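The lines below spell out each chain.
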Amino acid sequence: MKLLSILVVVFLSACASRTDRVIARAGHCLAYDGYYHASAGGDPKALQFLQTRAEWLGVHVEYRPKDHDDLRGAAGLSWMDEQGRHVFVNADLSINGRLEVLAHEVGHMFQPPLASRMEHEVFAELVSVEVCQRLGHDTTTIAARYLQADKSALRIGRTHKQEIAFVVDILT
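What you are looking at is a predicted structure, and each value in this text was computed from that prediction instead of being measured.

Undergrad: Summarise the overall build of the protein; cite the residues concerned and give the values.
TA: Counting secondary structure elements, the protein contains eight helices and three strands. Its helices and strands taken in sequence order, the protein reads α-α-α-β-β-β-α-α-α-α-α from the N to the C terminus. Residues counted as buried form 44% of the 172 residues belonging to the protein. The contacts in the protein between residues at least 6 apart in sequence include a share of 74% that link residues at least 24 apart. Within the structure as shown, the protein displays about 9,500 Å² of accessible surface, and the carbon and sulfur contribution to it stands at 58%.

Spelled out as C-alpha cells, the structure:
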C-alpha cells in the first residue's frame, strides 16, 4: 500500500501542467536580467499559422526591423485602440523568435484588465509557452528565465490558469 501511495504521488507530480512547471522553475531561480533571448531556427509554417490565427481574431500583425522607432527597442509591442488590435514584431529575430514574440504579444490582447504590469507580462508569457509548445517549439526554459524577474507576479499563472488555457485554445 505504501508503494502505491508513493507511485501516485510521483505520477501526479509528473503530470503537472507546463504552466505549473514554468512557474515553479521561475520561482526557484536566482534573479535574471529579464531580457528576451530568442531561440534559433524555427518552422515557417508554425509562424504563418499563428499569424493567420491572430489576424482571424482581429489582430493586425506587422513585422518591423529591430531599430524601427515603433518597436522602441523591444522585441515586440502590442496595443488596442479605436482602429483595433495591433502587434509589431521584430522582423530581425529568428523564426522561433518571431513565433515566441507574436504568441506573447497576442497573449496581451486577452490578459485580465485589472492585473498589474508584471502580472500582464507573466500572463502573456505563459500563453506564449503553451502556444509555442502546441506548435512544436518548447520554450519552457526560456520562459522560466524571462519570468524570474517577475517572481511576485507568478501567482497569476495559477489564479488565471483557465483563462490562459482558453487563450491558448483559441490561438491554436
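Undergrad: Tell me what's going on with unusual backbone geometry, and back it up with residues and numbers.
TA: Here the phi dihedral of Arg72 falls at roughly 55 degrees; this positive angle occurs in a residue that is not glycine. Turning to its location among the elements, Arg72 is positioned in the loop between strand S1 (59-64) and strand S2 (76-81).

Undergrad: With reference to specific residues and values, describe helix H4 (residues 95-108).
TA: For H4, with 14 residues, the first-to-last C-alpha span of 20 Å sits near the 20 Å given by 1.5 Å per residue. Along H4, 12 of the 14 residues are buried, which leaves the element largely enclosed by surrounding structure. Taken as a whole, H4 has its buried residues at Asn96, Gly97, Leu99, Glu100, Val101, Leu102, Ala103, His104, Glu105, Val106, Gly107 and His108.

Undergrad: Quick one: what's the story with the pattern of salt bridges, residue by residue and with numbers?
TA: Opposite charge on two side chains permits them to pair, given that their charged atoms come into close proximity. All told, the structure shown has four salt bridges when counted by the stated rule. Across the salt bridge formed by Glu119 and Arg155, the nearest N and O atoms sit 2.9 Å from each other. Taken together, the positions of Glu119 in helix H5 (residues 117-134) and Arg155 in the loop between helix H6 (140-147) and helix H7 (156-159) put the pair 36 residues apart, joining distant regions of the chain. The salt bridge involving Asp169 is made with Arg134; its shortest N-O contact spans 2.8 Å. Here Asp169, found in helix H8 (residues 161-171), pairs with Arg134, found in helix H5; they are 35 residues apart in sequence, far enough to count as distant. What makes Asp169 partly exposed here is its relative accessible area of 42%. Taken together, the shared-partner salt bridges connect Glu62, Arg64 and Asp70 into one network.

Rules used throughout
Along each chain, residues carry numbers from 1 onward, in the same order as the chain's sequence is written. Local features in this predicted model are restricted to residues of pLDDT 70 or higher, and side-chain atom pairs are both shown and tallied only at a pLDDT of 80 or more, whereas totals for entire chains, interfaces and linings draw on every residue. Excluding hydrogens and water, the side-chain values take into account all heavy atoms of the structure. Numbering of helices and strands runs from the N terminus, with a helix taken as a DSSP run of H or I at least four residues long and a strand as a DSSP run of E at least two residues long. Only protein chains enter the accessibility calculation, which uses a 1.4 Å probe; a residue whose area is less than 20% of its type maximum is buried, one above 50% is exposed, and one in between is partly exposed. Between two residues, a contact is recorded if the distance between any of their heavy atoms is within 4.5 Å. Reported accessibility uses the Shrake-Rupley method at a 1.4 Å probe radius. Residues are deemed covered only where the shown protein chains occlude them. The span expected for a helix works out to 1.5 Å for each residue beyond the first. A pair is scored as a salt bridge if a Lys or Arg side-chain nitrogen falls within 4 Å of a carboxyl oxygen belonging to Asp or Glu.

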